[in-house]
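Overview (structure and organization)
In case you want the letters, here they are:
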Amino acid sequence: MPTKKHAPWGNLAERFENSGPRKILSLDGGGIRGIITLEILIDLEKKLRKQLRKNEEFCLCDYFDYFGGTSTGAIIAAGLSIGMSANELMEFYVKKGKDMFDKSFLLKKWKSLYESGPLLKMLQDTFGKDTDMDIANGKFKSLLTVVTMNRTTDSPWPISNNPFARYNDKKRPDNNQNIKLFQLIRASTAAPAYFPPETLQWDAKDPSKTFVFVDGGVTPYNNPAFLLYRMATQPAYRLNWERGEDRLLIVSVGTGSAPSEGEYRNLGNTLMQLPNHLMYAMQIDQDINCRTLGRCTFGHTIDRELGDMVPTEKDTQKDFLYVRYNADLSENGLKSLGLGKLDPEKVRKMDSVKHIEDLRLVGKQAAKAQVKLSHFEHFV
C-alpha cells in the first residue's frame, strides 16, 4: 500500500495509508427488518463510545474502517460510511419506512415515489444528490461496498469506493466512482415486486455499458460478511489488508433469522415462500464460511451438527476475529428474548411496516442479550 499521501484517499489518507489493525462491519439485507440491525448498532455505538471515552459526536465510522451492506443493509452501511449515527438512521427508518418497504403502499404509488416523487428526493437529500463513489470526494468517512445484482449480466456486482480497485481507475470511462451513491443504494434495494429495476449508465458513449439492476438480496451475498473479507484481503481487489486474528475484525449484523414454517402446498404458496427460504439458506452459508476461516467469538448455534463453531481456545491462527449478532424470529427465539407475546409471522415479514415498534423491541432485546465488547477482544 502506498505510504506517501496522495489524491486517491483524499482527506482519509492518514487513516488508510498507515498500516494497522482493520475493522469491518457487515450488514445483511431484510427490508424493514433493518430496524433490528439498527437497534443492535445503537447499543454497540453507545458501548463503544463509553469504552473509548468519546463524546456524543462519536459514530461507528470513527471505529470501523469498512462498511458493507446488501439491500436494507446497503442503506444503513452507506449512512454510516458518510458519518451518520445509528440513531440518525433509526429516525430515518421510522419516518420513511413506509415509503421504502410497505409493499401495498409501493404498488399503488411506485411511479411517483420511485421516478420523481418523495422517495427519490429522500434518497438524494439523505445521501447527497451529487455524491459519487469517489472516496476522495470529502463525503465519506470510511470504505464502503454496496452489493447489487446486475440483471443484464446475471451476476452479483459488489461496488466499492476502494480507490485502487480495478474498475475504480479514473482513467477508465466506465469508472465505478462516477456512479452516484443514491443510485447505487436504489439499485441494491430494487426488490422485485416492490420496485422496478434500476438502470445505470456507466459510459455515456458506450451503450453496452448500460446495465439493469435489481435487489442485491437475490445474490448469494444477502449476508455480505465473507464477501467483504475477500474484498479486503484478496490481491485482485488491491486493498491488501493483512489477515490474522490480531489484524482484522469482522462484525456481522443480521436482520433476524426468519426460516418460514410449514411446507410448500401449491405453486402460489411455493413462489411466495421460496425467496425467503433462499435468502435464509444463503445467509447461513456465508456465516459458516466466516466461522470456518475466522475465529468466532460469538454467534448463534448453526445447527445440531456444527453447534456455534466458537472455539474454546483463543489462539487458533485464523484469518480474522469474527462476531455475528442476529435475532431468532421463531416463536421459541422470541420467547427467549422475553417477547413471547409477539407474533412471529408479523415480525418475520420484510414489509411489516405496521410493526416497527415490535421490531424495535426485538432489536433492543437482542442487543441486550448479545452485544458485549469482550467479543471484540484486543480491538477495543
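This part covers unusual backbone geometry. Look at Met-309: it is not a glycine, yet its phi comes out positive at around 60°. Tracing the sequence through the fold places Met-309 in the loop between strand S8 (295–298) and strand S9 (321–325). Residue classification places Met-309 among the partly exposed positions, given a relative accessible area of 21%. In this structure, Glu-377 is a non-glycine residue whose phi angle is positive, near 45°.

It is worth spelling out the pairing of S9 at this point. Along S9, 5 of the 5 residues are buried, which leaves the element largely enclosed by surrounding structure. Every second residue of S9 is oriented toward a common face, with Leu-321, Val-323 and Tyr-325 on one face and Tyr-322 and Arg-324 on the other, all of them buried. One ladder, built from 5 bridges, connects strand S7 (residues 248–253) with S9; its direction is parallel. Each bridged residue has a counterpart across the sheet, and for Ser-252 the counterpart in S9 is Arg-324. Here S8 pairs with S9 via 3 bridges, running parallel. Across the sheet, residue Arg-295 finds its bridge partner in S9, namely Leu-321.

By size, the foremost hydrophobic cluster in this structure holds 102 residues, and its most contacted members are Leu-25, Leu-41, Tyr-93 and Phe-376. Residue contributions to this core peak at 8 residues, all from helix H2 (residues 34–51). Excluding anything up to four places from it in sequence, Leu-25 contacts Leu-41, Leu-60, Phe-64, Tyr-66, Phe-67, Gly-68, Leu-80, Leu-228, Val-251 and Val-253.

A word on the pattern of salt bridges. Per the stated rule, a full pass over the model turns up 19 salt bridges. The partner of Arg-49 in a salt bridge is Glu-45, and the shortest N-O contact between them spans 3.9 Å. Of this pair, Arg-49 and Glu-45 are both found in helix H2, 4 residues apart, which corresponds to roughly one turn of the helix. A salt bridge links Asp-287 to Arg-291; its shortest N-O distance comes to 2.8 Å. Of the two residues, Asp-287 and Arg-291 both sit in helix H9 (residues 267–293), 4 residues apart, roughly one turn of that helix. For the pair Asp-287 and Arg-291, a shared accessibility class is recorded, and that class is buried. Salt bridges linked by common partners bring Arg-15, Arg-22 and Asp-65 together as one network.

Moving on to the side chain of Asn-175. Within the fold, Asn-175 resides in the loop between strand S4 (155–160) and helix H7 (181–188). The class for Asn-175 is buried, based on a relative accessible area of 3%. When residues no more than four places from it in sequence are discounted, the contact partners of Asn-175 are Tyr-167, Asn-168, Asp-169, Lys-170 and Trp-202.

We now examine the layout of surface pockets. Its volume calculated, the second largest pocket comes out at about 380 Å³. Trp-157, Pro-158, Ile-159, Tyr-167 and Asn-176 are the residues nearest the centre of the second largest pocket, which is lined by 17 residues in total. Residue contributions to the lining of the second largest pocket peak at 5 residues, all from S4. Class assignment of the residues belonging to the lining of the second largest pocket gives a composition of 11 nonpolar, 3 polar and 3 charged.

A word on the confidence of the model for the protein chain. Looking at the protein chain, pLDDT values average 88 and 87% of them are 70 or higher. This model gives residues 109–117 a pLDDT under 50, and the stretch forms 18 contacts once residues within four places in sequence are excluded.

Taken across its 6 residues, strand S1 (residues 22–27) has 6 buried, putting it largely inside the fold. Burial of S1 is two-sided: the residues Arg-22, Ile-24 and Ser-26 facing one way and the residues Lys-23, Leu-25 and Leu-27 facing the other way are all buried. In this sheet, S7 lies alongside S1 in parallel orientation, the contact comprising 6 bridges. In the strand pairing of S7, Leu-25 is matched with Val-251. When S1 meets strand S2 (residues 66–70), the two strands line up parallel, connected through 4 bridges. Looking at the pairing, Leu-27 lines up with Gly-69 of S2. With H2 bridging S1 and the parallel S2, this β-α-β connection has right-handed handedness.

How each quantity is defined
Each residue is numbered by its place in its chain's sequence as written, counting from 1. Where totals are concerned, whole chains, interfaces and linings use all residues; where local detail is concerned, this predicted model gives features only for residues with pLDDT of at least 70, and gives and counts side-chain atom pairs only at 80 or more. As a convention, hydrogens and water are excluded, and side-chain values are obtained from all of the structure's heavy atoms. A run of H or I in DSSP counts as a helix once it spans at least four residues, and a run of E counts as a strand once it spans at least two, with each numbered from the N terminus. Any residue under 20% of the maximum accessible area for its type is buried, any over 50% is exposed, and the rest in between are partly exposed; the area is computed with a 1.4 Å probe on protein chains only. For two strands to be treated as a pair, DSSP must find at least two bridges joining them. To define a nonpolar core, start from buried Ala, Val, Leu, Ile, Met, Phe, Trp, Tyr and Cys residues and group those joined through side-chain atoms within 4.5 Å. Working rule for contacts: check all heavy atoms of both residues, and any pair within 4.5 Å makes them a contact. Any carboxyl oxygen of Asp or Glu within 4 Å of a side-chain nitrogen of Lys or Arg constitutes a salt bridge here. A 1.4 Å probe that fits into a set of points on a 1 Å grid over the protein atoms alone but cannot get out defines a cavity; an open set with protein on both sides within 12 Å along at least five of seven lines defines a pocket, and lining residues are those with an atom within 4 Å of a point. Grid points are joined across faces, edges and corners, and a volume is the space filled by probe spheres set on the points. Classes in brief: Ala, Val, Leu, Ile, Met, Phe, Trp, Tyr, Cys and Pro nonpolar; Asp, Glu, Lys and Arg charged; the others, Gly included, polar. Per-residue confidence from the predictor is reported as pLDDT, which spans 0 to 100. By convention, orient the strands away from the viewer: a clockwise path from the first strand over the helix to the second makes the crossover right-handed.

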